Amino acid sequence: MNKDYNSYFETNKDTWDKKVSIHATSEFYDVEGFKNGKSSLNKYELDEVGSVKGKTLLHLQCHFGQDTLSWSRMGAKCTGIDLSSVGIKKAKLLNEELGMDATFIESNLYDVPNNVKGEFDVVFTSYGVIGWLPDLEQWGKIVASKLKKGGVFYMIEFHPIVWMFDFLQTPPKLVYPYSNSDVIYEEYKGTYTNSDAYIISKEYGWNHGLGEVISALTKAGLQIEFLHEHEKSPYNCLPDMEKTDEGMFVLKENKKMFPLLYSIRATKK
């Protein structure tokens, strides 16, 4: 990367360090249910990734490790990375408490080549990840470098149209560009699991369109198997969502006007 983003990364790291203790006790993450065997993975990624038994898996931006450990329970040999030292500490505690063999490494995404050794059968990332990354071309190169030949990259992410809205306004207002290189700064009370939490979230982010995402992966040498767009989210994490009959969530306003999520599966040939 040509620009120095370290000050942005440090602010984001500080915010995520503060979020961990709130998220780990939230109904949203249901840690007790997870400890008792509940998977944190959703139908989208379970269906589209498929069996991971006996495979090595690298989970990028893993927060405090629930999805990483859910893949471990399904037979994968997992490594999770995250920039939050508090998140990684919590992930290691969960791993130890559950008697599992996952590896957790504190690392900025862009430092993965230096901090994570080897190549993997699967590289996985999900839900609210690439918006923290200013340079997707470098991201794509890192993903490809960590895949074995024939390996699979899978991501599921909130749709770029979603990030065009300012959800701090009521009702949410269309404010931000679909795709832009300029940083977006938001500061607000609480977090997506607890809007009334005591913390002030200070966040720097970047919007990336689907073309930019696909191009970053193909330029790095990956072959796209599919791009799917999804109208419903498994998470009630945006303002004014309503639950569907199958337990998914849609926006009360603008329902079915645009997708909430997209997923990509790609392979390294």
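Everything discussed here concerns the structure shown above.
Report follows, based on the coordinates. Note that this is a predicted model, so its numbers are computed, not measured.

Another point: the packing of aromatic side chains. Under the definition given, this model contains 22 aromatic pairs. Connected via pairs of aromatic rings, a cluster forms that spans W16, F28, Y29, F64, Y127, W132, F158, W163, Y192 and Y235. Geometry around W16 places K19 over its ring, the cationic atom sitting 5.3 Å from the centre.

The next subject is the pattern of salt bridges. One pass over the structure, following the stated rule, counts 13 salt bridges. As a salt-bridge pair, K219 and E137 come within 3.2 Å of each other at their nearest N and O atoms. In this pair, K219 sits in helix α8 (residues 210-219) while E137 sits in helix α7 (residues 136-145), placing the two residues 82 residues apart along the sequence. Residue classification places K219 among the exposed residues on the basis of a relative accessible area of 60%. Residue classification places E137 among the partly exposed positions, given a relative accessible area of 37%. Its salt-bridge partner being K232, residue E246 comes within 2.5 Å of it at the nearest N-O pair. With a gap of 14 residues between them, E246 in the loop between β11 (241-243) and β12 (249-251) and K232 in the loop between β10 (222-230) and β11 connect regions that are remote in the sequence. Looking at K232, the relative accessible area reads 23%, which means it is partly exposed. Look at the salt bridges and you will find they share partners, linking E32, K35 and E97 into a network.

Attention now moves to helix α5 (residues 85-97). Helix length check: α5, at 13 residues, gives a terminal C-alpha distance of 18 Å against a target of 18 Å (1.5 Å per residue), a fit within 8%. When α5 is considered as a whole, its buried residues turn out to be G87, I88, A91, L94 and N95. Take α5 and look down its axis: the buried residues cluster within an arc of 120°, on one side only. For α5, exposure combined with an orientation more than 90 degrees from the buried face picks out K89, E96 and E97. Of the surrounding secondary structure, the elements contacted by the buried residues of α5 are α1 (6-23), α2 (31-35), α4 (66-73), β2 (77-82) and β3 (103-106).

Turning to the packing of α1 against α5, a few remarks are in order. Between α1 and α5, the shortest axis-to-axis distance is 7 Å and the interhelical angle comes to 35°. Residues K13, D17 and V20 of α1 lie in contact with α5, whose contacting residues are S85, V86, G87 and K90. Residues belonging to the contact of α1 with α5 are distributed by class as follows: two nonpolar, two polar and three charged.

What counts and what doesn't
- Residue indices follow the written sequence of each chain, beginning from 1 at its first position.
- In view of the model being predicted, local features appear only for residues whose pLDDT reaches at least 70, and side-chain atom pairs are presented and counted only at 80 or more, with totals across whole chains, interfaces and linings using the full set of residues.
- Remark: hydrogens and water are excluded; side-chain values derive from all non-hydrogen atoms of the structure.
- Here a Phe, Tyr or Trp ring, Trp counted by its six-membered ring, pairs with any other such ring whose centre lies within 6.5 Å, and the pair is stacked when the planes are under 30 degrees apart, edge-to-face when over 60, and tilted otherwise.
- Two limits define a charge over a ring: the Lys NZ or Arg CZ must be within 6 Å of the ring centre, and within 35 degrees of the ring normal.
- We count a salt bridge whenever a side-chain nitrogen from Lys or Arg sits within 4 Å of a carboxyl oxygen from Asp or Glu.
- Secondary structure elements follow DSSP: runs of H or I of four or more residues count as helices, runs of E of two or more count as strands, with numbering from the N terminus.
- Only protein chains enter the area calculation, which uses a 1.4 Å probe; residues under 20% of their type maximum are buried, those over 50% are exposed, and those in between are partly exposed.
- To estimate how far a helix should extend, the number of its residues minus one is multiplied by 1.5 Å.
- This arc is taken over the directions from the axis of the helix to the C-beta atoms.
- Note on definitions: a residue-residue contact is assigned when non-hydrogen atoms from the two residues lie within 4.5 Å.
- Here an axis means a line fitted to C-alpha atoms, over the contact stretch when the element is a helix, while the angle between two N-to-C directions is reported on a 0 to 180 degree scale.
- Note on residue categories: nonpolar means Ala, Val, Leu, Ile, Met, Phe, Trp, Tyr, Cys or Pro, charged means Asp, Glu, Lys or Arg, and polar means any other residue, Gly included.

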